[in-house]
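# Structure assessment
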Amino acid sequence: MSDWKPVRPSETSPPPVQALDRLLATPARRERVTHVEVVPARQGRRAAWPDWVPEPLVNRLVPAGIEAPWEHQAEAAAHARDGRSVIIATGTASGKSLAYLMPAVAAAHEDGSVLYLAPTKALAADQLRALRALRLTRVRAATYDGDTPPDERTWIRQHANYVLTNPDMLHRGILPGHGRWSGFLRRLRYVIVDEAHGYRGVFGSHVAQILRRLRRVCARYGTSPVFVLASATTAEPAVTASRLTGLDVTAVTADASPRGATTFALWEPPLTDLRGEGGAPVRRAATAETADLLADLVVEGVQTLAFVRSRRGAESVSLGARRVLAEVEPGLADRVAAYRAGYLAEDRRALEAALRGRELVGLATTNALELGVDVSGLDAVIVCGWPGTRASLWQQAGRAGRTGRDALAVLVARDDPLDTYLVHHPEAIFGTPVEATVLDPGNPYVLEPHLCAAAAELPLTEQDLGLFGPETAALLADLVRRGLLRRRPSGWYWTRRERATDLADLRGSGGAPVQVVEAGTGRLLGTVDEPSAHTTVHAGAVYLHQGETYLVEVLDLDDSVALVSAAEPDYSTNARDVTDIRILETFRSTSWGAATLHFGSVEVTRQVVAYQMRRQPSGTVLGEKPLDLPPRTLRTRAVWWTLPSPDLAEADLAGAAHAAEHASIGLLPLFATCDRWDIGGVSTALHPDTGLLTVFVYDGHEGGAGFAERGYSDAAGWLRATRLAIAACECEAGCPSCIQSPKCGNGNEPLSKQGALDLLAELLAEAPG
Ligand SMILES: Nc1ncnc2c1ncn2[C@@H]1O[C@H](COP(=O)(O)OP(=O)(O)OP(=O)(O)O)[C@@H](O)[C@H]1O
């Protein structure tokens, strides 16, 4: 949510769309554009102010340019007012805040209270600022989080009627101390869940359980608050909202806010003569391409923001653009800069101001500028590499032309199968969303600690079993057996001295993170989560930190420390591993002709056994060294498919399955909001448990995270997209844009591009439409 201020007309600068025409004047450039989509301007549709909205709110908003709500705002507000939980899933800057503000402020005026949840402290602080700017005397709003001083906490518990917090504080502070919040909870009318699409995977599953605990505690105080969720547009918002809250939730998705037209170009960098791993051709780096485009737009006077995924990438785009400008128009080089987290706050404020004042014409940034920073109304945005979700894409693209002017956006593909697919399938970007926010509240590893926390809040009874899901009874018995809970006639009790909430690791990913420490100075460079430590900071690994290179001297797993020292090797390292997968239980299966598809639980045992050194940038293998690391086992969920006797040469089978696995891992994030690093895969021409060629894709988190499940439920769409991504890539025998994987534990061997295409065609021959 931004401040409530009138829309400010933008200054005059050359129309960005003409700039695109000029960029494309050379034929070589034109070939790189795979698609141009003109997203048309839309007129806003207004509704009347509902008669129950308090007058002071209307009186503040109208002078600020908010004459009346948009239709979707009024519709969502009406559901909430009528007691129906609702998710509003409309575009960036469509005014989701006003939709929940209307019922929430009305509740505060009627002696009710409101709990607002944001995924970060920064967003809650931003909301508080906007809310306070409205100067509504009957709304007593405050943030309640780790930064709130103790004396303020008491005041907030006793007097605030609009509390802004985050799931972590709800989990650790508010719920365990609910007795002290009884006055607030007795009056609780609304729970607002902002940026609901951020609650996904394991973190989302934790939040789902925290919200169930909140509902249970509220019931104790006689309330059952209405949930109002705000989310970016995704597939199936109502389904996600129900999973998150455990309630029936209505979705409002028809966006009635106005917008300017955006011309959106999809761009694929060309293949070069360079050769990479296995002799595969290498595309020109997306950052190099972005730097050129940025420089060209700056020359045209088009104020442009380039979003780059890594800090190092942002620096290199800015440097690249400045280098080009120094040659063509030296005066302009200083008007391009980089922006990223890690810069001093004052430097960042100065850059933001220079951008607003148009002294800066080009800025390369990481997503540090994505949320909560008030920079908008630029002429053009270049998105260097798919930012992971449509929500992020539109958030970034929305920085251009936000003030109602037409805008230009360019998505530059990286060499990755998902990017390849997207620039060749614009409908996946501009059509109906296929990517859903997934979470799995039933994950026993997530549920167990919350059952303990719930029991500590109020003893659990038989009536609570339904609230926490079908696994609850079995898990409670197990918790009693392990001495964590005690069973009494009146229910299940937490009787231990420790805090039950310490058992849940909301944002973590397993064991203690490994600290990466510089050997000479003792300086802590960063941390690596325990599961990835084996692959990224084993002895001998090349470790990158903020653009600097280090070599790992030792990895001490007992003390969770990796000692590194600065070095400049001319090679990179890749861990090699041996992975076994065992099927534990099959939950669901379906047949597509002779092929079968399954979803179930598996045990993955992975051992990093060696690492390879490769010269950079050529990728030539310099050698391999063995490692002695213990195996790790992971119990999780997987989707897998089998084919009885594929019509392929025996020798090709393993390479075909392996290539199909890699590409399908690359494409799953299009359907389930995850990152390719959140999932893993195993493929084999003959698996002992199935006796057939089998390809597994599993959730890389203990107990599962919902990604594999989503793959299973949209398997035909997902695997078709996988095949199309491989087919769209013009390389001959496979490259990073299609079947090679940056995290392959077998050094990307064997791989067969044609084999994968044939195998997937056979798999999909009888798949549903
Ligand atoms: N009914 C309205 N009429 C005019 N302007 C409005 C209206 N509703 C909201 N706005 C303005 O639209 C802008 C975007 O609103 P807001 O930040 O609430 O959107 P959002 O959907 O929450 O954004 P995000 O997608 O970033 O979360 C703000 O500047 C706000 O003042």
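Residues numbered from 1 in each chain as written. Predicted model: local features only at pLDDT ≥ 70, side-chain atom pairs only at ≥ 80, totals over all residues.

As annotated in an unreviewed UniProt entry, the protein chain is Helicase from Actinomadura craniellae.

Moving on, we get to the domain arrangement of the protein chain. Domain assignment breaks the protein chain into domain 1 (16–39 + 259–430), domain 2 (55–252), domain 3 (445–503), domain 4 (508–569) and domain 5 (574–764). Look at where the C-alpha atoms of domain 1 and domain 2 centre, and you get two points 35 Å apart. Of the residues lining the interface, eight residues belong to domain 1; the matching set on domain 2 comes to nine residues. For the side of domain 1 that touches domain 2, the per-class residue count stands at three nonpolar, three polar and two charged. (Domains from an automatic or database assignment. Contact = placed C-beta atoms within 7 Å. Nonpolar A, V, L, I, M, F, W, Y, C, P; charged D, E, K, R; others polar.)

As a further point, take the sheet that holds strand E20 (residues 524–528). In spatial order, the strands read E20-E19-E23-E22-E21; together these five strands make up an open sheet with mixed pairing. The open sheet has two free edges, formed respectively by E20 and strand E21 (542–545), since each of these has just one partner strand. Going from strand to strand, the sheet's axes swing by 35° on average, the running direction of each strand aside. In this structure, strand E19 (residues 514–518) lies alongside E20, joined through four bridges in antiparallel fashion. Among the inter-strand pairings, Gln-515 is bridged to a residue of E20, identified as Thr-527. (Pairing = 2+ DSSP bridges. Helix = DSSP H or I, 4+ residues; strand = E, 2+ residues; numbered from the N terminus. Axes fitted to C-alpha atoms, helices over the stretch in contact; angles between N-to-C directions.)

We now examine the environment of Gly-377. Note that Gly-377 resides in the loop between strand E14 (362–365) and strand E15 (380–384). Each C-alpha atom, one on Gly-377 and one on Ala-400, is 5.1 Å from the other, the two residues being 23 residues apart in sequence.

A few words now on the pairing of strand E9 (residues 262–267). Extensive coverage of E9 is indicated by the burial of six of its six residues. Side-chain alternation along E9 places Thr-262, Phe-264 and Leu-266 on one buried face and Thr-263, Ala-265 and Trp-267 on a second face that is also buried. Bridge count for strand E1 (residues 33–39) against E9 is six bridges, and the pairing is antiparallel. Looking at the pairing, Glu-37 lines up with Phe-264 of E9. As paired strands, E9 and strand E16 (residues 407–412) are joined by six bridges and run parallel to one another. Bridging across to E16, Thr-262 finds its partner in Ala-407. (Buried ≥ 20, exposed ≤ 12 C-beta atoms within 10 Å, placed from the backbone.)

Mapped onto this structure's residue numbering, the UniProt feature "domain: Helicase ATP-binding" (unreviewed entry) falls at residues 77–252. Between the end C-alpha atoms of residues 77–252 the distance is 10 Å, and the span holds 47% helix and 18% strand. (UniProt positions renumbered as here; feature names shortened; annotations may be inferred.)

The end-to-end C-alpha distance of helix H24 (residues 715–728), which contains 14 residues, comes to 20 Å, matching closely the 20 Å that a straight helix rising 1.5 Å per residue would cover. Of the positions making up H24, those classed as buried are Ala-715, Trp-718, Leu-719, Ala-721, Thr-722, Arg-723, Leu-724, Ala-725 and Ile-726. (Expected span 1.5 Å × (residues − 1).)

The next subject is unusual backbone geometry. Glu-749 connects to Pro-750 through a cis peptide bond whose omega is -15°. Inspection of the secondary structure assignment puts Pro-750 in the loop between H24 and helix H25 (753–764). In this structure, Ala-93 takes a positive phi of about 60° despite not being glycine. Considering the arrangement of structural elements, one finds Ala-93 in the loop between strand E2 (86–89) and helix H5 (96–109). Given 17 C-beta atoms within a 10 Å radius, Ala-93 is considered partly exposed. With a phi close to 70°, Asp-111 is a non-glycine residue in the positive phi region. On the secondary structure map, Asp-111 appears in the loop between H5 and strand E3 (113–117). A tally of 10 C-beta atoms within 10 Å means that Asp-111 is categorised as exposed.

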